[in-house]
Amino acid sequence: MAITEFLLFVLTATLGGMFLCGANDLITIFVAPECFSLCSYLLSGYTKKDVRSNEATMKYLLMGGASSSILVHGFSWLYGLSGGEIELQEIVNGLINTQMYNSPGISIALIFITVGIGFKLSPAPSHQWTPDIYEGVRFVREIPSSLIFQNSMDMQKRNAIPTRTKTELLLVQITIKVKQGQGRPISL
């Protein structure tokens, strides 16, 4: 792989992170981290002739695909419960208007979304596969793995995500602790 391809993947991953900062709807919240993740998968397979790198890339791709499908399933629950809205503020308004904000469906949606994001970020207890990635690919450590945390904090500052439930408040508190160095995100 040439240096131009390497730089293209790094810049595309950065572009995905930048789009995530401005995300106000479910589609952008899904596509932007996927852009970042797909470039991370390609960068983890940068050394094609190394067997450990190939194994690490395959594990990374499979776990990323599984976490993406879980995340989309949570988004589909949220989409359905809000009455077909994709913008975050409209989702909240739709949940309030239909009185669905206390339903078990919201809990199911938040669980799926939390698990999907959790496997993408690989904090404990969903971190078992992460050491294999780092053993197979040495330079991926240089890619900022806390980019998603920074972007979620930027979204919180802009009030793009309304924090109304205890689960969402807990996720914000976890994000703040990780950003302060009390937790440790491992990879994306």
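The rules behind each value
Residues numbered from 1 in each chain as written. Predicted model: local features only at pLDDT ≥ 70, side-chain atom pairs only at ≥ 80, totals over all residues. Heavy atoms only, no water. Axes fitted to C-alpha atoms, helices over the stretch in contact; angles between N-to-C directions. Helix = DSSP H or I, 4+ residues; strand = E, 2+ residues; numbered from the N terminus. Parallel < 35°, antiparallel > 145°, perpendicular 65-115°, else oblique. Contact = heavy atoms within 4.5 Å. Nonpolar A, V, L, I, M, F, W, Y, C, P; charged D, E, K, R; others polar. Core = buried A, V, L, I, M, F, W, Y, C linked by side-chain atoms within 4.5 Å. Buried < 20%, exposed > 50% of the residue type's maximum accessible area, 1.4 Å probe, protein only. Expected span 1.5 Å × (residues − 1). Polar contact = N/O pair within 3.5 Å; in protein donor to acceptor, adjacent residues only side chain to side chain. Salt bridge = Lys/Arg side-chain N within 4 Å of Asp/Glu carboxyl O. Phe/Tyr/Trp six-rings, centres within 6.5 Å; stacked < 30°, edge-to-face > 60°. Left-handed = near helix turned anticlockwise from the far one by under 90°.

A pair of packed helices is captured by two measures, namely the crossing angle of their axes and the spacing between those axes. Where helix H2 (residues 26-44) contacts helix H3 (residues 51-81), the axes come no closer than 9 Å and their chain directions differ by 175°. When the axes of H2 and H3 are compared, the pair comes out roughly antiparallel. Contacts between H2 and H3 involve Leu-26, Ile-29, Phe-30, Glu-34, Ser-40, Tyr-41 and Ser-44 from the former and Ser-53, Thr-57, Tyr-60, Leu-61, Gly-64, Gly-65, Ser-68, Leu-71, Val-72, Phe-75, Leu-78 and Tyr-79 from the latter. Counted by class, the contact of H2 with H3 contains 11 nonpolar, 7 polar and 1 charged residues.

Counting 16 residues, the largest nonpolar core has Leu-26, Phe-75, Leu-78, Leu-95 and Ile-106 as the members making the most contacts within it. Contributions of two or more residues to this core are made by H2, H3, helix H4 (88-97) and helix H5 (104-121). Other than its neighbours up to four places away in sequence, Leu-78 contacts Leu-26, Ile-91, Leu-95, Ile-106, Ala-109 and Ile-113.

Further remarks concern H5. If you check H5, its first and last C-alpha atoms are 26 Å apart, about what 18 residues at 1.5 Å a residue would give, namely 26 Å. Along H5, the positions that sit buried rather than exposed are Gly-105, Ile-106, Ala-109, Leu-110, Ile-113, Gly-116, Gly-118, Lys-120 and Leu-121. Ser-122 sits one or two positions beyond H5 and adopts a positive phi of about 55°.

Below, the discussion takes up the side chain of Ser-53. Position of Ser-53 relative to the elements: it lies in helix H3. Of the polar contacts made by the side chain of Ser-53, one reaches the backbone oxygen of Ser-44; its length is 3.0 Å.

Attention now moves to the side chain of Ser-44. Relative to the elements of secondary structure, Ser-44 occurs in helix H2. Taking the relative accessible area as the measure of exposure, Ser-44 reaches 0% and is therefore buried. A distance of 2.7 Å separates a polar atom in the side chain of Ser-44 from the backbone oxygen of Tyr-41.

A few words now on H3. With 31 residues, H3 should reach 45 Å at 1.5 Å per residue; the first-to-last C-alpha distance of 45 Å fits that figure. For H3, the set of buried residues is Ser-53, Ala-56, Thr-57, Tyr-60, Gly-64, Ser-67, Ser-68, Leu-71, Gly-74, Phe-75, Leu-78 and Leu-81. Considering only its buried residues, H3 is in contact with H2, H4, H5 and helix H6 (130-136). In the segment just after H3, Gly-83 is the residue with positive phi, at about 90°.

Under the definition given, this model contains 2 salt bridges. A salt bridge links Glu-34 to Lys-120; the nearest nitrogen and oxygen atoms lie 2.8 Å apart. On the criterion of sequence distance, the pair formed by Glu-34 in helix H2 and Lys-120 in helix H5 is long-range, its members being 86 residues apart. Neither Glu-34 nor Lys-120 differs from the other in exposure class; each is buried. The salt bridge involving Lys-59 is made with Glu-55; its shortest N-O contact spans 3.2 Å. Of this pair, Lys-59 and Glu-55 both sit in helix H3, 4 residues apart, roughly one helical turn. For Lys-59, a relative accessible area of 28% puts it in the partly exposed group.

Counting across every chain of the model gives 1 aromatic pair. Their ring planes at 80° and their centres at 4.9 Å tell us that Tyr-41 and Tyr-60 sit as a pair that is edge-to-face. Here the residue Tyr-41 occupies a position in helix H2, and Tyr-60 occupies one in helix H3, the gap between them amounting to 19 residues. Note on accessibility: Tyr-41 and Tyr-60 belong to one class, buried.

Further remarks concern the packing of H3 against H5. For the pair H3 and H5, interaxial distance at closest approach is 8 Å and the crossing angle is 155°. Classified by the interaxial angle, the pair formed by H3 and H5 is roughly antiparallel. Once H3 is placed against H5, the crossing between them reads as left-handed. For the pair formed by H3 and H5, the contact residues are Met-63, Gly-64, Ser-67, Ser-68, Ile-70, Leu-71, His-73, Gly-74, Phe-75, Trp-77, Leu-78 and Leu-81 on the first element and Gly-105, Ile-106, Ile-108, Ala-109, Phe-112, Ile-113, Val-115, Gly-116, Ile-117, Phe-119 and Lys-120 on the second.

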